[in-house]
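What the coordinates show
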Amino acid sequence: MKRLVSLLLASSALAACATTEIAPVAEGDGVETGEAELRGMLEVAAPTPLPEPPRQRRGREAPPLQVLAEANTAARQRPTRDAFNQARHVFTYQPGAIFELYTNPNYISTILLEPGETLTDIAAGDTSRWMVTEATGESEAEPRTIVLVKPQTSGLRTNIVLITDRRTYLVEAVSQAGQTYAAQVAWSYPRNAVVGAGGIPSIDRLNFSYRVRTVRGRAPGWTPSRVFDDGRRTWIEFPAGVAAGDMPPLFVITGEGAEITNYRVQGQRYVVDRLFDRAELRLGARSPQVVRIDRQGARR
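Remember, predicted model here, so these are calculated numbers, not experimental data.

The next thing to look at is empty space enclosed by the protein. Gaps between atoms show up when a probe of the same size as a water molecule is rolled over them. Evaluation of the coordinates by the stated rule reveals 1 cavity of 30 Å³ or more. Approximately 30 Å³ is the volume attributed to the largest cavity. Looking at the largest cavity, the residues that line it are Glu-114, Pro-115, Arg-144, Trp-187, Tyr-189, Ile-260, Thr-261 and Asn-262. Tallied by class, residues from the lining of the largest cavity come to 4 nonpolar, 2 polar and 2 charged.

So, in structure tokens, the structure goes:
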């Protein structure tokens, strides 16, 4: 019996020596997680900061004087080769445009207004070194205002404002040395308008007795397809394919020469508020194309 108890005690001692101490198990998941490991698992990484968008530079506004200079430059109308009738340069009138006039202290330049147009006021920026005067010419039945311009010396520049009963002209006069100058400037006044339902009288009231022929150069594509009048006004009709920019200026031929005349543009037609016996459409400077229009049976 003692021997049995001794054996049992010895076995218990050996078992105690062979037993490894086990750490207590955490309640709930059965696995103990270290503090550092737990922090690493639960810690949310801080977001990587996004690069700041580049700051948009506010556009620097141009100085007012620069804006004015650019606007004036864009508005200036200068002589072009295809706008001359002899020594007369014919501008196309545009409200707000600046029309350049090249003068010379040894000559007088003339500005022609529209026949029947009355000059109500005239002003020049430099009145001490520029002569700007008004005169009346052309025929007694249809007087025409003429403005005479002459500088005292070369190298000058000024502006001239002409206010009439119909419109305002902005002229920029420049004086040059040498012998070149603008002898005369005038304007054509095409105005876009829509033909109304009663714009053209009935056909039985129209006169189609006009002859159209090319008298200089090759026959142009803008040669009128027909010309007619109603006893008061004259219509010049162009082919349908002719662009408005290709339509030439109209000159009425009288005993005193060729005169630019006023007309309105209505689609593919010119409407002239008068009758004429002979007129010419001219385009080009050195080798102009000229198409003549004659009213049949008219006295010349």
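With that out of the way, let us pick up the sheet that holds strand β18 (residues 269-272). Spatial strand order, β13-β14-β18-β17: 4 strands in an open sheet with antiparallel pairing. On the outer flanks of this sheet lie β13 (226-229) and β17 (264-266), each paired with one strand and no other. Strand-to-strand twist across the sheet, computed as the mean angle between neighbouring axes with direction ignored, equals 20 degrees. Bridge count between β17 and β18: 3 bridges; the pairing is antiparallel. Bridged to Gln-266 within β18 is Arg-269.

Counting through the fold element by element, Trp-187 comes out in strand β11 (residues 184-188). Expressed as a C-alpha distance, the spacing of Trp-187 and Ile-111, which sit 76 residues apart in the sequence, is 9.2 Å. With near-sequence residues (within four places) excluded, Trp-187 lies in contact with Val-90, Phe-91, Thr-92, Tyr-93, Phe-99, Ile-111, Leu-112, Leu-113, Tyr-169, Val-171 and Ile-260.

Caution applies to low-pLDDT regions: their predicted coordinates should not be interpreted in detail. Across the protein, the average pLDDT comes to 80, with 72% of residues at or above 70. Within the protein, helix α1 (residues 2-18) has the poorest average pLDDT of any element, 48, and strand β10 (residues 168-175) the best, 97. In this model, residues 13-33 is a region of pLDDT below 50 whose contacts with residues beyond four sequence positions or in other chains number 4 contacts. For the stretch residues 41-46, pLDDT sits under 50, and the model shows 1 contact to residues farther than four places along the chain or on other chains.

This brings us to unusual backbone geometry. One non-glycine residue, Gln-86, adopts positive backbone phi at about 60 degrees. Within the secondary structure layout, Gln-86 lies in the loop between β2 (84-85) and β3 (88-92).

One finds Leu-101, Ile-111, Val-149, Leu-162, Tyr-169, Val-171 and Trp-187 to be the most contacted residues of the largest nonpolar core, which totals 21 residues. Sorting the residues of this core by element identifies β4 (98-103), β8 (143-151), β9 (157-164), β10 and β11 as the ones contributing at least two each. Top contributing element to this core by residue count: β10, with 3 residues. Among the nonpolar cores identified, the runner-up in size contains 18 residues, and Val-227, Ile-236, Phe-238 and Leu-250 belong to it.

Counted according to the given criterion, the structure contains 12 aromatic pairs. Aromatic side chains Tyr-93 and Phe-99 sit 6.2 Å apart centroid to centroid with 25 degrees between the ring planes, which places their arrangement in the stacked category. Taking relative accessible area as the criterion, Phe-99 reaches 2% and is therefore assigned buried. Between Phe-238 and Tyr-270 the ring centres are 4.9 Å apart and the planes differ by 70 degrees, which places this aromatic pair in the edge-to-face class. Taken together, the positions of Phe-238 in the loop between β14 (234-237) and β15 (250-254) and Tyr-270 in strand β18 put the pair 32 residues apart, joining distant regions of the chain. Assigned by exposure class, Phe-238 and Tyr-270 land together as buried. Members of the aromatic cluster, joined through ring pairs, are Phe-91, Tyr-93, Phe-99, Tyr-169 and Trp-187.

Rules used throughout
Going along each chain's sequence as written, the residues are numbered from 1 onward. Owing to the predicted nature of the model, reporting of local features is limited to residues with pLDDT of at least 70; listing and counting of side-chain atom pairs is limited to 80 or more, with chain, interface and lining totals taken over all residues. Just so you know, side-chain values use all the structure's heavy atoms and leave hydrogens and water out. A cavity, in this analysis, means grid points on a 1 Å lattice covering only the protein atoms where a 1.4 Å probe fits yet has no way out; a pocket is instead an open set bounded by protein on both sides within 12 Å along at least five of seven lines, and a residue lines either one if it has an atom within 4 Å of a point. Grid points are joined across faces, edges and corners, and a volume is the space filled by probe spheres set on the points. Throughout this entry, Asp, Glu, Lys and Arg are counted as charged residues, while Ala, Val, Leu, Ile, Met, Phe, Trp, Tyr, Cys and Pro are counted as nonpolar. The remaining residues, Gly among them, count as polar. By the convention used here, strands pair only if DSSP detects at least 2 bridges between them. By definition, any uninterrupted DSSP run of H or I lasting at least four residues is a helix, any uninterrupted run of E lasting at least two residues is a strand, and each is numbered from the N terminus. Fitted lines through C-alpha atoms give the axes, limited to the stretch in contact for helices. The angle between two N-to-C directions lies from 0 to 180 degrees. Note on contacts: a residue pair qualifies if any of its non-hydrogen atoms lie within 4.5 Å across the two residues. The pLDDT value expresses, per residue, how confident the predictor is, ranging between 0 and 100. Here, nonpolar core refers to any group of buried Ala, Val, Leu, Ile, Met, Phe, Trp, Tyr and Cys residues whose side-chain atoms link them within 4.5 Å. Type-normalised accessible area, obtained with a 1.4 Å probe on protein chains alone, sets the label of each residue: buried when under 20%, exposed when over 50%, and partly exposed for intermediate values. Pairing of aromatic rings covers Phe, Tyr and Trp, the last counted by its six-membered ring, and requires centre-to-centre distances within 6.5 Å; plane angles under 30 degrees mean stacked, over 60 mean edge-to-face, and any other angle means tilted.

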